[in-house]
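Residues per chain, in single letters:
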Amino acid sequence: MIPVPLFLVLSLLLLVGGPAPQTAAGAPLKIGIIGTDTSHVIAFTQLLNDSSRPDYIPGARVVAAFKGGSPDVESSRTRIERFAAELKDRWKVEFVDSIEGLCNKVDAVLLESVDGRPHLAQVRPVLAAKRRVFIDKPMAGSLRDAREILRLSRQYGTPFFSASSRRFVPEVQALKNDPRVGEVLGASTYGPSPLEPHHPDLFWYGIHSVETLYALMGTGCETVMRANTDGADVLVGKWKDGRLGVVRGIRKGAESYGAIVFGSKAVVAADPPGRGSDYRNLVMEIVKFFQTGVPPVSPEETLEILAFMEAADLSKTRNGAAVSLSELQ
């Protein structure tokens, strides 16, 4: 047998997502949670830990958690202990005092802190410990932090992915793959977009509709314009091939999610169901990623989504003028 150079072995491991988690044959992956201040931690744990559910997802189990929390964010401060108590009492999840301690007990990590600002500091020891990690939205509190997360991922050879659950709802996936559409010439999406003072406007909730747009259009946006009122935002992105993508963020009136694709053959609309009904497909993708190390959404696409939203913030300060994503490099 011809010996394989060590550098080639390491290169191949990086290409396929680093070393796979080591578990006993047939045993589920042990999952750790960082941040118990979002309802996602309960919803995800139910899907993974309750084998009696008809929508149960095998292959992974939540076994440990680190509370985290952000005292200056109301939706974090007021929920962290309640969700932590449910994880501990109902699901027998073990709580630890540090992220490093968490990594010692698990094969992979769900970074669920509702506040994007601490994500960089929280994910750093996870990547260093070579634990594959899903980073819930928003990936970070700024594009700069998100870029640093990608740099660390490459440095440690540890893959991650970050995505909105809206990308994976059946209606969006069906619209994306609808043979009636033909070539996608443009798309329009809409959804709730409440604000949170510690985050760029769209990072907090508008990201759901922006990511749906990217699921339909793909990458390649060059400029963004934003019209803004107290009740709504309208964003217009121009792609390098001339296509236009539009997002409406809703803050006043009826709230719903939806999308329209303008195709070479037909115009097709979808009205996906509301909040809380779309986690199973996302969690299935997370488990698959933990098993294979191959993310369903590339880090580069996620960074472009964050750049799109930061460009929209700049456009707001410039009275709706178009802002180039290249300006944010």
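All of these numbers come straight from a predicted model, not from anything done at the bench. (Residues numbered from 1 in each chain as written. Predicted model: local features only at pLDDT ≥ 70, side-chain atom pairs only at ≥ 80, totals over all residues. Heavy atoms only, no water.)

## Comments concerning the packing of helix α2 (residues 40-49) against helix α4 (residues 80-91)
A pair of packed helices is captured by two measures, namely the crossing angle of their axes and the spacing between those axes.
Item 1. Across the interface, α2 lies against α4 with an axial gap of 10 Å and an inter-helix angle of 20 degrees. Comparing their axes, α4 and α2 come out roughly parallel. Both α2 and α4 take part in a crossing whose hand is right-handed. Along the contact surface, α2 presents V41, I42, T45, Q46 and N49, while α4 presents F83, E86, L87, R90 and W91.
Item 2. The residue makeup of the contact of α2 with α4, split by class, is 5 nonpolar, 3 polar and 2 charged. (Axes fitted to C-alpha atoms, helices over the stretch in contact; angles between N-to-C directions. Helix = DSSP H or I, 4+ residues; strand = E, 2+ residues; numbered from the N terminus. Parallel < 35°, antiparallel > 145°, perpendicular 65-115°, else oblique. Left-handed = near helix turned anticlockwise from the far one by under 90°. Contact = heavy atoms within 4.5 Å. Nonpolar A, V, L, I, M, F, W, Y, C, P; charged D, E, K, R; others polar.)

## Some details on the side chain of D201
Item 1. With respect to the helices, strands and loops of the structure, D201 is situated in helix α9 (residues 201-204).
Item 2. Under the relative-accessibility criterion, D201 is labelled buried at 14%.
Item 3. Sequence-distant contacts of D201, that is, excluding residues within four places in its chain, are made with P194, L195, R226, D313 and K316. (Buried < 20%, exposed > 50% of the residue type's maximum accessible area, 1.4 Å probe, protein only.)

## Some details on the sheet that holds strand β13 (residues 323-324)
Item 1. Taken together, the 7 strands give an open sheet; going across it, the order is β12-β11-β7-β10-β9-β8-β13, and neighbouring strands pair in mixed fashion. Looking at strand neighbours, the two that pair on one side only are β12 (267-270) and β13, the edges of this open sheet.
Item 2. Where strand β11 (residues 258-263) lies against β12, 4 bridges are found, and the strand directions are antiparallel. Counted as the bridge partner of F262 is V267 from β12.
Item 3. Across the sheet, helix α10 (residues 207-217) lies against β7 (184-192), β8 (221-228), β9 (232-239), β10 (244-250) and β11, angled at about 160 degrees from β7, the strand it touches most.
Item 4. Sheet strands in contact with helix α12 (residues 299-317) are β8, β9 and β13, and its direction is about 45 degrees off that of β8. (Pairing = 2+ DSSP bridges.)

## Some remarks on the nonpolar core
Side chains of nonpolar character tend, in soluble globular proteins, to be buried together.
Item 1. Of all hydrophobic cores here, the largest spans 59 residues; its most connected members are V133, I149, F308 and M309.
Item 2. Those residues in contact with F308 that lie beyond four places of it in its chain are V210, L213, Y214, C221, V224, L235, G237, W239 and L325.
Item 3. Counting 31 residues, the second largest nonpolar core, distinct from the first, contains L29, L48, L87 and Y279. (Core = buried A, V, L, I, M, F, W, Y, C linked by side-chain atoms within 4.5 Å.)

## Section: the layout of surface pockets
Item 1. Looking at the largest pocket, its volume works out to about 370 Å³.
Item 2. In terms of lining residues, the largest pocket is bounded by 21 residues, among which T38, S39, H40, K137 and Y205 are the most central.
Item 3. Residue composition of the lining of the largest pocket, by class: 6 nonpolar, 8 polar and 7 charged. (1 Å grid on protein atoms, 1.4 Å probe; cavity = no way out; pocket = protein on both sides within 12 Å on 5 of 7 lines; lining within 4 Å. Points joined across faces, edges and corners; volume = space filled by probe spheres on them.)

## A closer look at the packing of aromatic side chains
Item 1. For the structure on display, the rule yields 7 aromatic pairs.
Item 2. A ring pair is formed by F161 and F289, whose centres lie 5.3 Å apart and whose planes are at 80 degrees; its orientation type is edge-to-face. One end of the pair, F161, is in strand β6 (residues 160-163); the other, F289, is in helix α11 (residues 279-292), with 128 residues separating them in the sequence.
Item 3. On the basis of relative accessibility, which here comes to 1%, the residue F161 falls in the buried class.
Item 4. On the basis of relative accessible area, F289 is assigned to the buried category, the value being 1%.
Item 5. Ring centres of Y214 and F308 lie 5.8 Å apart, and the angle between their planes is 90 degrees; on these two criteria the pair is classed as edge-to-face. Separated by 94 residues along the polypeptide, Y214 in helix α10 and F308 in helix α12 bring together distant segments of the chain. When sorted by exposure, Y214 lands in the same class as F308, which is buried. (Phe/Tyr/Trp six-rings, centres within 6.5 Å; stacked < 30°, edge-to-face > 60°.)

By themselves these figures say nothing about function.
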